[in-house]
Structure formats: C-alpha cells, structure tokens
Amino acid sequence: MLKERLESDLRTAMKARDGLVTSTLRMAITAVRNAEVAGEAARELSDEEILSVLTKEAKKRRDAAEAFAGAGREAQAAKERAEEEILAGYLPAQLSDDDLAGIVRDALAAEGLSGMASMGKAMKAAQAAVAGRAEGGRVAAEVRAQLAKS
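My aim in this report is to walk through the structure given alongside it, one point at a time. (Residues numbered from 1 in each chain as written. Predicted model: local features only at pLDDT ≥ 70, side-chain atom pairs only at ≥ 80, totals over all residues. Heavy atoms only, no water.)

Observations concerning the overall build of the chain
Selection criterion: Where helices and strands are cited, they refer to DSSP runs of H or I of at least four residues and of E of at least two residues respectively, numbered from the N terminus. For the exposure calls, accessible area comes from a 1.4 Å probe over protein chains only, and a residue counts as buried if that area is under 20% of its type's maximum, exposed if over 50%, partly exposed in between. Residue contacts are defined here by distance: any two heavy atoms, one from each residue, within 4.5 Å place the two residues in contact. Throughout, the Shrake-Rupley method with a 1.4 Å probe supplies accessible areas, and for residues the shown protein chains are the sole cover considered. For this count, His and the chain ends are skipped, Lys and Arg are scored as positive, and Asp and Glu as negative. Every charge is mapped onto a representative atom, which is NZ of Lys, CZ of Arg, CG of Asp or CD of Glu.
Check the secondary structure of the chain and you find 7 helices and 0 strands. Along its sequence from the N terminus, the chain presents helices and strands in the succession α-α-α-α-α-α-α. Evaluated residue by residue, the chain yields a buried proportion of 36% over its 150 residues. The long-range fraction of contacts in the chain, counting pairs at least 24 apart against all pairs at least 6 apart in sequence, stands at 62%. Working note: accessible area of the chain is about 8,800 Å², and carbon and sulfur atoms make up 53% of it. In the chain, 23 side chains carry a positive charge and 25 a negative one; their mean positions are 3 Å apart.

Side note on unusual backbone geometry
Of note in the backbone geometry, Arg-17 takes a positive phi value of approximately 55° without being a glycine. Mapping Arg-17 onto the fold places it in the loop between α1 (2-15) and α2 (19-37). Look at Arg-17 and you get exposed, because its relative accessible area is 76%.

Section: the nonpolar core
Selection criterion: Only buried residues count toward a nonpolar core, which is a set of Ala, Val, Leu, Ile, Met, Phe, Trp, Tyr and Cys residues joined through side-chain atoms within 4.5 Å.
The biggest cluster of nonpolar side chains holds 18 residues, and the ones touching the most others in it are Leu-6, Leu-25, Val-32, Ile-50, Leu-54, Leu-87 and Tyr-90. Of all the elements in the fold, those that place two or more residues in this core are α1, α2, α3 (47-70) and α4 (74-88). Among the elements that line this core, the one with the most residues is α2, at 6 residues. Contact partners of Leu-6, with chain neighbours within four places excluded, come to Leu-25, Ile-29, Val-32, Ile-50, Leu-54 and Tyr-90. Counting 16 residues, the second largest nonpolar core, distinct from the first, contains Leu-100, Val-104, Ala-122 and Ala-126.

Details of the environment of Ser-114
You can see Ser-114 is positioned in the loop between α5 (97-111) and α6 (119-130). Overall, Ser-114 belongs to the partly exposed group, its relative accessible area being 46%. Between the alpha carbons of Ser-114 and Ala-148 there is a distance of 8.2 Å; along the sequence they are 34 residues apart. Not counting chain neighbours up to four residues away, the residues in contact with Ser-114 comprise Leu-147 and Ser-150.

Points about the environment of Ala-101
Of note, Ala-101 is situated in helix α5. Taking the relative accessible area as the measure of exposure, Ala-101 reaches 12% and is therefore buried. The spatial distance from the C-alpha of Ala-101 to the C-alpha of Ala-145 is 9.5 Å, given a sequence separation of 44 residues. The contacts of Ala-101, once residues within four sequence positions are left out, are Glu-142 and Gln-146.

Dropping the structure here:
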C-alpha cells in the first residue's frame, strides 16, 4: 500500500537525517490521516484516495511556490518546489498534452458527448479516463477545447 510506503520512506529519511524529506513526508502522512478521519466514520483510504490527497498536496506546494516567487521570496519558493518534487515521486507520471488529448477524445466519443452543454458529463468521463495522471485544470481545458470543436 501507498501509505505503508510513505511511512517506510519517512523512517528512512529520519535515519538519514534528511530534514526536507522528513518534513514533507510527515506533512503528507498527516494529510492522509486527516482524510481518513474526515466524514462520519474513520476508515482506511484506498491507494486511489491517497493519490488524490497527495495530488492536492502537490498542487498546494506548486501554488505556494508561484505565490512566493511572485512576492520575491525565492528561498521559500525553492523550498515549496522541492517539497512538490518529493511528492511527485509518489504520483503517477503525468500525461503529455498529446496523450491527454487522445484520452479525452476517446472518453468523449465513448459517451457520445458533444457541445458545451455536456461539459459536466464530459468532465466526469474525462476525469475517470485520466485517473489522476493529469491535473484537473489541464483536463478541463482540453475538454473545453474539444467540446468547442464539436
């Protein structure tokens, strides 16, 4: 399981006295545990749900790095980028633009969707087909572009 891998890697980083990796993995494990106890009853998250949590955390780091860089705080921006890179090691490889376009095209064709009126159904189908291998904003932009063509 992915959670066990995170915990194992945390122990390894602690033994190696790698402060950045240790703090990043602690943050990630805390986010996973918070997601596990959110809702009406505590439960174990599946690997897909853990990937979703890690994807959100990586996006937070990317957004924070952009904000810090925009404010002229390059040292903090570099730290956020380094944390994002650590988290990226646990995420599936991101799709290229061409691969994303092909998957979205196939998903839309399989559902028979066309026109901007079907954006909601199209996004649901595309997100299921992409399965976390591309950021939601990229998927939405591709779906919009393809629906606009049809």
